[in-house]
Amino acid sequence: MVFDRDGSGAAGVAAAIQASGGRAISVLGDVRDVKVVKSAVDRAGTEFGGIHILINNAGIYPRASLVEMTGEQWDEVLDINLKGVFHCTRAVAPQMIERRAGKIVNISSVNIHVGAPNFSHYIASKGGVIGFTRALARELGDYNIHVNAVTPGAIQTEAEKRLVAAQGKAGDEAVAAIVARQCLKRRIQPAEIAAVCLFLASDLSDSMTGQTLNADCGNALY
Ligand SMILES: NC(=O)c1ccc[n+]([C@@H]2O[C@H](COP(=O)([O-])OP(=O)(O)OC[C@H]3O[C@@H](n4cnc5c(N)ncnc54)[C@H](O)[C@@H]3O)[C@@H](O)[C@H]2O)c1
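Residues numbered from 1 in each chain as written. Predicted model: local features only at pLDDT ≥ 70, side-chain atom pairs only at ≥ 80, totals over all residues. Heavy atoms only, no water.

**Student:** I'd like to hear about the side chain of Glu160, residue by residue, with values.
**Tutor:** Structurally, Glu160 is set in helix α6 (residues 158–166). Among the residues examined, Glu160 registers a relative accessible area of 9% and is labelled buried. With residues near it in sequence (within four places) discarded, Glu160 still touches Tyr61, Ala154, Ile155, Val175 and Arg187. (Helix = DSSP H or I, 4+ residues; strand = E, 2+ residues; numbered from the N terminus. Buried < 20%, exposed > 50% of the residue type's maximum accessible area, 1.4 Å probe, protein only. Contact = heavy atoms within 4.5 Å.)

**Student:** Account for the packing of helix α3 (residues 71–99) against helix α5 (residues 120–140), naming residues and giving values.
**Tutor:** Look at α3 against α5: their axes get within 8 Å of each other, and the N-to-C directions meet at 20 degrees. Judged by the inter-axis angle, α3 sits roughly parallel to α5. When the axes of α3 and α5 are compared, the crossing they make is right-handed. Where α3 approaches α5, its residues Gln73, Trp74, Val77, Leu78, Asn81, Leu82, Val85, Phe86, Thr89 and Ile97 are matched on the opposing element by Ser120, His121, Tyr122, Ala124, Ser125, Lys126, Gly128, Val129, Phe132, Leu136 and Leu140. By residue class, the composition of the contact of α3 with α5 is 13 nonpolar, seven polar and one charged. (Axes fitted to C-alpha atoms, helices over the stretch in contact; angles between N-to-C directions. Parallel < 35°, antiparallel > 145°, perpendicular 65-115°, else oblique. Left-handed = near helix turned anticlockwise from the far one by under 90°. Nonpolar A, V, L, I, M, F, W, Y, C, P; charged D, E, K, R; others polar.)

**Student:** Hey, could you go over the packing of aromatic side chains for me, with residue numbers and the actual values?
**Tutor:** Taken as a whole and judged by the stated rule, the model has two aromatic pairs. When the centroid spacing of 6.4 Å and the interplanar angle of 70 degrees are considered together, the rings of Phe119 and Tyr122 count as edge-to-face. As far as the burial class goes, Phe119 and Tyr122 line up, both buried. Taken together, the ring pairs in this structure connect Tyr61, Phe119 and Tyr122 into an aromatic cluster. (Phe/Tyr/Trp six-rings, centres within 6.5 Å; stacked < 30°, edge-to-face > 60°.)

**Student:** Explain the pattern of salt bridges to me, using residue names and the numbers behind them.
**Tutor:** Should their charged atoms come close, side chains of opposite charge can pair. Taken as a whole and judged by the stated rule, the model has eight salt bridges. Two residues, Lys38 and Asp42, come together in a salt bridge whose shortest N-O distance is 3.1 Å. Taken as a pair, Lys38 and Asp42 lie in helix α2 (residues 34–48) at a separation of four residues, close to a single helical turn. With a relative accessible area of 47%, Lys38 lands in the partly exposed category. For the salt bridge of Glu158 with Lys161, the shortest nitrogen-to-oxygen distance reads 3.2 Å. With Glu158 and Lys161 both in helix α6 and three residues apart, this pair spans about one turn of that helix. (Salt bridge = Lys/Arg side-chain N within 4 Å of Asp/Glu carboxyl O.)

**Student:** Tell me about the sheet that holds strand β6 (residues 212–215), residues and numbers included.
**Tutor:** On the basis of which strands lie adjacent, the open sheet formed by four strands has the order β3-β4-β5-β6 and parallel pairing. Two strands lie at the open edges of the sheet, namely β3 (53–56) and β6, each paired on one side alone. Strand-to-strand twist in this sheet, taken as the mean axis angle between neighbours without regard to direction, amounts to 20 degrees. In this sheet, β6 lies alongside strand β5 (residues 145–152) in parallel orientation, the contact comprising four bridges. (Pairing = 2+ DSSP bridges.)

**Student:** Talk me through unusual backbone geometry; I want residue IDs and the actual numbers.
**Tutor:** The residue Asn118 is not glycine, and still its phi comes out positive at about 70 degrees. Looking at where Asn118 falls in the secondary structure, it is placed in the loop between α4 (111–114) and α5. Even without being a glycine, Cys217 presents a positive backbone phi close to 55 degrees. Here Cys217 is to be found in the segment after β6. When its relative accessible area of 11% is taken as the criterion, Cys217 is described as buried.

Here is the structure:
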């Protein structure tokens with residue numbers, strides 16, 4: 001199930017999964033809306049017999065300096081990027097607990113390691129995702145539920161391209177500076193992050209929980 005507030009985006013992803021031979025449906029909804037999230041989880045039960053893997057990917061990263069940032073902007077980012085992860089995980093966890101099996105993958109950001117100006121709300125939310133991941137790994141381990149996080153570097157997604165373009169020359173320079181800092185001097189493609197999620201969702205990673213996998217072409221080394 002592809003759950004997204006962008007109906008056509010979600011439908012496009014579901015269509016791509018179907019075209020490659022998989023089963024998929026798209027569901028329109030906002031991760032901030034508990035009732036909508038719950039009804040999507042119920043629908044996955046009807047259509048697929050339950051949710052065995054949860055990837056918490058929904059997120060926004062609007063640029064704002066600390067002094068320009070309003071409380072509303074801060075709340076919007078935290079509500080989607082952190083509370084949304086709570087809502088989706090809270091809605092799915094009971095069936096995983098009952099089944100005594102589950103894989104949860106939370107998408108954070110390399111910026112929790114390296115920092116970045118003009119994204120304090122975003123980086124605070126993604127740091128919260130790491131704390132949430134570690135807490136739940138301890139809490140849900142007895143039920144054989146694996147909870148891990150991925151910290152991607154700057155990925156060349158459509159949203160990232162829009163953010164870079166909006167800054168003009170400064171955006172291109174910022175991307176060039178990130179690439180220069182990476183051990184591998186190239187852009188990261190979305191499929192490369194999907195591959196890391198696939199690993200964490202599969203039994204290849206059965207010995208791992210509470211971990212943060214850094215997929216950033218060697219930007220932050222720790
Ligand atoms: N692109 C990058 O450089 C980068 C780097 C590190 C981490 N990330 C993280 O990766 C994830 C995906 O980012 P992306 O670059 O693909 O951006 P994107 O905008 O293409 O994807 C984010 C998706 O989340 C959805 N979404 C946003 N708010 C939502 C809400 N309230 N309810 C339901 N769906 C919602 C959007 O519609 C969109 O489809 C985000 O969590 C982002 O923070 C991205």
